[in-house]
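Here's the letter readout for the chains.
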Amino acid sequence: MTANIEILRLRGAAIPKTVALRRVPTRPSNEITDHYRQNYDDRTLIYDAVRLPKERRILLTAPRLLNLSNSVTAGLRQDGHPVRRLRHRVFPKFEFLSFSDKGGAVELRMPYGAHEIAVRPSLADRFHGLNCVKTLSQNNPLEWIKDWATFHVHHHGLEAVLFCDNGSTEYTLEDLGKTLASIRGLRQVVVLGVPYRYGPRDKPGGGLVNPMFLQLALLNLARREALANARAVLNADVDEVTLPLSGESMFDAALRAPTGAVRLAGDYAFPSSEATGPQSPRTHLWRADPPEVSTGKWCARPRGPLSRFGWHVHQVGGELGRLLRDDPRFALVHCWAAAPHRSQDTSPRTLRADPSLAQAWAAIDQSTDRAAV
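Predicted model only: the values in this text are computed from it and were never measured.

A few words on the layout of surface pockets. One number sums up the size of the largest pocket: a volume of about 1,400 Å³. If you trace the largest pocket, you find 42 residues lining it, with Y198, R201, M212, Q215 and D237 closest to the centre. Taken together, the elements giving at least two residues each to the lining of the largest pocket come down to β12 (131-137), α5 (213-224) and β19 (293-300). Here the residues of the lining of the largest pocket are counted per class, giving 14 nonpolar, 17 polar and eleven charged. If you add up the space inside the second largest pocket, you get close to 770 Å³. Forming the boundary of the second largest pocket are 32 residues, of which E55, R223, R224, E225 and A228 lie nearest the centre.

Quick look at the structure:
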């Protein structure tokens, strides 16, 4: 049985390049680097618009609007009339705007002209009751993606994938969907094409926060809509796999946790010291000695107590999530060289083989061989 595949391309709204209006920078001029200038999203107004049938509302997800906020909120129309009962929630890196759905066409009227806003149907029924993973990726090799998802299917009972593809050029969204759908055990695959800037990654001075609006916006859109009725959700990148140390599924653990979440402590793993360049996650069978700690991730119930306070990249529930202890039943393995932009370079490290990693991948291969017989 192959998984159901759905391919969508988010269609929001952005200021035309020919218009001078822009989102103001989030840094003072002396902190604006060339990298910041090239990667800061100063034009996107709306990432996505979706109908929420149970609430009879339309939800818009946006990056921080900043100086554009008044124009956007005043310019929203449905069937030519100002939207009714607008709710506007502003978070540090994204914004939600929702309003009563009267069933008509949605438009955003800006000072320079109007945008037609394409409103898509909800994806919530696709993931209802399933163990899901949500990720954001660009140009990770398809074979790596297959290995990554297969690992979580085999060891944790993963059933569904919400894969946000941020403008990959090495393959199509359809190729990505077919790769994921070929994995035995997956029941649902949704691939979202996300044609927006990720944001600057350089380190600002003076305690400034990088304006990487997109990642948190998509994560909380998933919590609010597509994955709202999922059984449990893992937030992980393609270079991260979760090792079960007790044989238990992290999805089951999240379901039983009083907080509705488990915190996954992370260490880096490495391919052999002779390897060079990017490497598949399944080649990462060595650990640094002493260990190199990585930032952790999490698995959570979308409607659990902590999830009500929002999803963040490395914790559930914002500052409250920092109070969660690392769950000793699981280990997040951050695969150092499983990233197209990262070279191996293990020369400063002493590496030791980790038998648990070799055994975890071998178990998958044995299971695949048995299924093929």
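From this point, the narrative continues.
Attention shifts here to empty space enclosed by the protein. On inspection of all chains with the given rule, the structure shows three cavities of 30 Å³ or more. Considering only enclosed or pocket space, the largest cavity measures out at about 50 Å³ in volume. Lining the largest cavity, in full, are R120, L123, L162, C164, L192, L218, L221, A222, E225 and A226. Mapped by element, the contributors of at least two residues to the lining of the largest cavity are β13 (160-165) and α5. In terms of residues, the lining of the largest cavity owes the most to one element, α5, which gives three residues. Residues of the lining of the largest cavity, tallied by class, amount to eight nonpolar, no polar and two charged. Here the second largest cavity defines a volume of roughly 40 Å³. Lining the second largest cavity, in full, are K134, T135, L136, Q215, L219, N235, D237 and V313. Of all the secondary-structure elements, those providing two or more residues to the lining of the second largest cavity are β12 and α5. The dominant element in the lining of the second largest cavity, judged by the number of residues it contributes, is β12, at three residues.

Another point: the sheet that holds strand β4 (residues 48-52). Ordered in space as β4-β5-β9-β8, the four strands form an open sheet in which the pairing is antiparallel. Edge strands, defined here as strands with exactly one partner in the open sheet, are β4 and β8 (87-90). Neighbour to neighbour, the strand axes of the sheet diverge by 20° on average, direction disregarded. Bridge analysis of strand β5 (residues 57-63) against strand β9 (residues 94-100) gives seven bridges, and the strand direction is antiparallel. By the bridge assignment for β9, T61 is matched with F96. Seen against the sheet, α5 touches β4, β5 and β9 and runs at an angle of roughly 40° to β9.

Reading guide: rules and limits
Residues numbered from 1 in each chain as written. Predicted model: local features only at pLDDT ≥ 70, side-chain atom pairs only at ≥ 80, totals over all residues. Heavy atoms only, no water. 1 Å grid on protein atoms, 1.4 Å probe; cavity = no way out; pocket = protein on both sides within 12 Å on 5 of 7 lines; lining within 4 Å. Points joined across faces, edges and corners; volume = space filled by probe spheres on them. Helix = DSSP H or I, 4+ residues; strand = E, 2+ residues; numbered from the N terminus. Nonpolar A, V, L, I, M, F, W, Y, C, P; charged D, E, K, R; others polar. Pairing = 2+ DSSP bridges. Axes fitted to C-alpha atoms, helices over the stretch in contact; angles between N-to-C directions. Contact = heavy atoms within 4.5 Å.

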